[in-house]
Amino acid sequence: MEFFYSSFQETLEQVDELMGRPADQTKPYEHKYTARELLQNLLNHERIQAQDEPARAAQALIEYILGVNHFETEEITESERHYSKCLNSLLSLPLDYQAKYLNTFQDVLNALGILRCNRGENQKGLEFFFKSQALYEAIKTIQTKDFSHTFHDYLTGSDNFRFIIQGGVNRRKAEQNYTLTLFYMAQAYSKTGEKHKSANYCAETMKRQMISGDYDMKDWAVNCINMAEYYVENNYIAQGIYMLECGLSIIIGKRRKLKSTLNMQIGRAYRSLLELAVEVASQKKNIPPELNEQVLILPMLTAVWKNVEFPTEIEAAKELFKVAHGHFKTALEYFVIDGYVTEHIEMKKDISGLYKGLCYFEKSDARVFAMLNRRLELIENFTKEINKQSYSALWQHLMNEVASIYMDMYELKVFAAEEQKKPKKRLEKHAAANRYALTCIEKQSEMIEFVQKFDMNDDSAKDIMQSSLNLMFGIARLYSKLEDPDRLVRVGYMEKSYRWYEKIKVYLQEAKNGKYPDRISDLNDQLRVCEEMVALMPIRISQVNAEAYD
C-alpha cells in the first residue's frame, strides 16, 4: 500500500491544485491539460494496472477526476466515457470496498445524470439521480464524521485525516452531494414540464442550503424569485409572497438592484391576487384552496408568513392596491426609465393593471372613468416615446392596452348614453362617446400597419396573420356600432365598416390561396362570417338612409 500513501496521494493533490489554478485567458485550459497528463501517467502505472482491489479503487478515483477534467475543458463525450469507467470500476469492487467510496458514487451518479439531462435525455438523467437519492438514504444510517484527504493535515498532526485511497464516508460531503442531487432533479423535472415536482425539489434544495449555510446570497435570492413565480402562477399566493420576503431577509449590504427586483415581484404577486379576486368574483368561482397553503417555511429567517384575503368591496381592494403600489414605488426608485426601459415600463403597466382591478369593485362610473384616465397617464406616452423597432413586443403590448382602455371609456360613455330617455339626447351622448372609439380605431390601425411590415416566414406567419386579422375585425365591428345624430356621419361610419369587411374578405381569400392557410384559426368560418357582413352592411346602410324619408 506504500505506493498509494505516497506517489498516488501526492499526484492527486498536485492534480487538484493544477485544476484549481487560474490560467491565462489566451490558454484557459493549460493547467487542466497538465493535470490530465499526470492523471494518464498515473493510470498507466504498473501498480494501478495490477487489478487487485486497491488498484481497481484507484482506477475509479482517477477515472472520476478525468471525467471532471474533460467536462471542464468542454469535451463532453470523453467526460461521459471516464465517468462511466469510474462507475463500472466501483461496481466491480466487493461490497465492503464499495462502502468506502460512497461519496464518489454520489459524485459520479450526479455527473452522469447532468450529462444525460444536458443533451435532452431527462428521464435517463433522472434514473441516475434516483440512484443517488437512494444512496443518500443509505448513507444517513452510517455514523461518520467529516475528514480531510489533504496530506498537509496529516503532517500537522490533524486527527481527521484519511489517505485518498482509504476512502471513507464524509457526512458533510454526503449532505452537499444530496443537496446537489435535489437541485439537479428540480432542473430535470422543469425540463420535462412537471413543474410541481420541480418546485418541490427546488424548495427542498433551498431549505437544505439555508440550514447548512452553504449558499450564495444572490443565487438563493434569485431562486426565491423563480419559486415565487411558480407559486403565484398556481394560486399559492401567500407562499409566493413569503418566498420573496425570504429573499429580501437574507440580503446583506446595499444590493439595490436585487432588493428592487424582489420588491417589484412582491408588487406583482399582490397584483395577481387582485386579478384573481376579480376573476373569482366575476365568474362566481370558488376561492382557490391553495391560496394560503404552506408548502415551505424557513423559521431560521426573519421573514414572516402572512395570510392573504380576497377583497370583496372597494375599500379592501384599495388596501391591497396600496400594498402593491408601495412595492412598485420602491422598485421604481431604482429602475428608472433612463437605463431600465423595459423594467420601468412593465411596472407602469403593472400599476395600470392595479387600477383595472380596482375598477371592478368601484360602483361610481365617474371614479371608474377617472381611473381609466389615470391608466392612460401611466402608459400612453410610452407608445410615442420608445423606439418601436427596438422594443417591438413591448410597444405592441402597450398599444393593445391603450386601445383597450379607450374601448372601455367608449363603452362607459355608451352605457351613460343608453340611460337617456330622450332620443335626441341619447344620440348626442353617443356622438360624444365616439371620440374614444375613434381613438381606439386609430391605435388599432397603427398596429396593423406596424405588424404587416414584419417579414413573413414559417415562424412568424401565424402571429402576423392572426394579429392583423383580429385587429381588422375589431375595427370593422367598432365602426358598425357607432351612432350619431347626423345621418350622414352615421352612414359614413357604416360605409367604413363595410370597406373594412371587404378588406378582410380579400385578406382571407389571399391567405386561403397563399403559402400559410393553416396559420389562421377557423379560416373558412371567418371567411363565411365576413362574406355575410359584406352582404348585410349595404342593406343596413339602405335602411338608415330610408329612415330619413319616413
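Before reading further, recall that the structure is shown in the block above.
Keep in mind that this is a model prediction, so the values were computed, not measured. (Residues numbered from 1 in each chain as written. Predicted model: local features only at pLDDT ≥ 70, side-chain atom pairs only at ≥ 80, totals over all residues. Heavy atoms only, no water.)

1. A few points about the overall build of the protein
Phase 1: A count of helical and extended segments in the protein gives 23 helices and 0 strands.
Phase 2: Radius of gyration (C-alpha) of the protein: 33 Å, far over the 24 Å computed for a compact globule of 550 residues.
Phase 3: Projected onto its principal axes, the C-alpha positions of the protein cover 115 × 55 × 45 Å.
Phase 4: Within the span of the protein, comprising 550 residues, buried residues form 49% of the whole.
Phase 5: Within the protein, residue pairs in contact and separated by at least 24 positions form 67% of the contacts whose partners lie at least 6 positions apart.
Phase 6: Accessible surface computed for the protein: about 28500 Å², of which carbon and sulfur atoms make up 49%. (Helix = DSSP H or I, 4+ residues; strand = E, 2+ residues; numbered from the N terminus. Rg over C-alpha atoms; globule rule 2.2 N^0.38 Å. Buried < 20%, exposed > 50% of the residue type's maximum accessible area, 1.4 Å probe, protein only. Contact = heavy atoms within 4.5 Å. Areas by Shrake-Rupley, 256 points an atom, 1.4 Å probe, with all protein chains shown as cover.)

2. Focus on the packing of helix α19 (residues 392-418) against helix α20 (residues 423-451)
For any two helices packed against each other, the geometry is given by the interaxial angle and the distance between the axes.
Phase 1: Taken N-terminus to C-terminus, the directions of α19 and α20 make an angle of 165°; their axes are 8 Å apart at the nearest point. If you check the angle between α19 and α20, you find them roughly antiparallel. In this structure, α19 meets α20 at a crossing whose hand is left-handed. (Axes fitted to C-alpha atoms, helices over the stretch in contact; angles between N-to-C directions. Parallel < 35°, antiparallel > 145°, perpendicular 65-115°, else oblique. Left-handed = near helix turned anticlockwise from the far one by under 90°.)

3. Digging into the packing of helix α3 (residues 30-43) against helix α4 (residues 53-72)
Phase 1: Direction vectors running N to C along α3 and α4 enclose 155°, while the axes themselves pass 10 Å from each other. When the interaxial angle is binned, α3 and α4 end up roughly antiparallel. Note that α3 runs across α4; the crossing there is left-handed. Taken together, the residues of α4 that come into contact with α3 (itself represented by K32, A35, R36, L39, Q40, L42 and L43) are Q59, I62, E63, I65, L66, N69, H70 and E72.
Phase 2: Looking at the contact of α3 with α4 residue by residue, the classes come out as 7 nonpolar, 4 polar and 4 charged. (Nonpolar A, V, L, I, M, F, W, Y, C, P; charged D, E, K, R; others polar.)

4. Remarks on a positive patch on the surface
Phase 1: A surface patch of like charges, here positive, comprises K413, K422, K425, K429 and R435.
Phase 2: Residue contributions to the positive patch peak at 3 residues, all from α20.
Phase 3: With respect to the helices and strands, K425 occurs in helix α20. (Patch = residues over 30% accessible without salt bridge, like charges linked within 9 Å, V, L, I, M, F, W, Y side chains within 5 Å. Salt bridge = Lys/Arg side-chain N within 4 Å of Asp/Glu carboxyl O. Lys, Arg positive; Asp, Glu negative; His and termini not counted. Charge placed at Lys NZ, Arg CZ, Asp CG, Glu CD.)

5. Considering the packing of aromatic side chains
Phase 1: For the structure on display, the rule yields 24 aromatic pairs.
Phase 2: Of the aromatic side chains, those joined through ring pairs into one cluster are F3, F4 and F8.
Phase 3: Between K413 and the ring centre of F369, over which it is positioned, the NZ or CZ distance is 4.4 Å.
Phase 4: For K503, the ring lying beneath its charged end belongs to W500, and the centroid distance is 3.9 Å. (Phe/Tyr/Trp six-rings, centres within 6.5 Å; stacked < 30°, edge-to-face > 60°. Lys NZ or Arg CZ within 6 Å of the ring centre and 35° of its normal.)

6. A short note on the environment of A331
Phase 1: Summarising the element assignment, A331 is placed in helix α15 (residues 314-332).
Phase 2: Ignoring anything within four residues of it in the chain, the contact list for A331 reads S260, N263, M264 and M347.

7. Side note on the pattern of salt bridges
Phase 1: Tallied over the entire structure, the rule returns 30 salt bridges.
Phase 2: With a shortest N-O distance of 2.6 Å, R119 and E80 are connected by a salt bridge. One end of the pair, R119, is in the loop between α7 (102-118) and α8 (122-139); the other, E80, is in helix α5 (residues 76-91), and 39 residues separate them in sequence.
Phase 3: Two residues, E275 and R271, come together in a salt bridge whose shortest N-O distance is 3.3 Å. Of this pair, E275 and R271 both sit in helix α14 (residues 256-282), 4 residues apart, which is roughly one turn of the helix.

8. Some words on the layout of surface pockets
It is the rolling of a water-molecule-sized probe over the atoms that shows where space remains empty.
Phase 1: Quantified by volume, the second largest pocket comes out at close to 670 Å³.
Phase 2: Along its surface, the second largest pocket is lined by 29 residues, and R271, E275, D350, G353 and K356 are the ones closest to its centre.
Phase 3: A total of 8 residues in the lining of the second largest pocket trace back to one element, the largest contributor, which is helix α16 (residues 341-361). (1 Å grid on protein atoms, 1.4 Å probe; cavity = no way out; pocket = protein on both sides within 12 Å on 5 of 7 lines; lining within 4 Å. Points joined across faces, edges and corners; volume = space filled by probe spheres on them.)

9. Some details on unusual backbone geometry
Phase 1: With a phi close to 65°, E74 is a non-glycine residue in the positive phi region.
Phase 2: E74 gets classed as exposed once you look at its relative accessible area, which sits at 60%.
Phase 3: Positive phi values are uncommon outside glycine, yet R255 reaches one of about 40°.
Phase 4: Take R255: it is sitting in the loop between α13 (237-249) and α14.
Phase 5: You can call R255 partly exposed: its relative accessible area is 41%.

10. Points about helix α2 (residues 7-20)
Side chains that are three or four residues apart share a direction in an α-helix, a result of its 3.6 residues per turn.
Phase 1: The terminal C-alpha atoms of α2, which comprises 14 residues, lie 20 Å apart, in line with the 20 Å expected from a rise of 1.5 Å per residue.
Phase 2: Buried within α2 we find F8, Q9, T11, L12, V15, L18 and M19. (Expected span 1.5 Å × (residues − 1).)

11. Overview of the nonpolar core
Phase 1: Residues W220, M243, Y410, Y501 and I504 are the most contacted members of the largest nonpolar core, which totals 137 residues.
Phase 2: Each of domain 1 (216-363) and domain 2 (472-549) accounts for three or more of the residues forming this core.
Phase 3: Discounting chain neighbours no more than four positions away, the residues touching W220 are M206, Q209, M210, Y215, C246, G247, I250, L298 and L301. (Core = buried A, V, L, I, M, F, W, Y, C linked by side-chain atoms within 4.5 Å. Domains from an automatic or database assignment.)

12. As for the side chain of S352
Phase 1: Examined against the element boundaries, S352 turns out to sit in helix α16.
Phase 2: Engagement of the side chain of S352 in a polar contact is seen with the side chain of R375, the distance being 2.8 Å.
Phase 3: With residues up to four places along the chain from it excluded, the contact list for S352 reads R375, L378, I379, E401 and I405. (Polar contact = N/O pair within 3.5 Å; in protein donor to acceptor, adjacent residues only side chain to side chain.)

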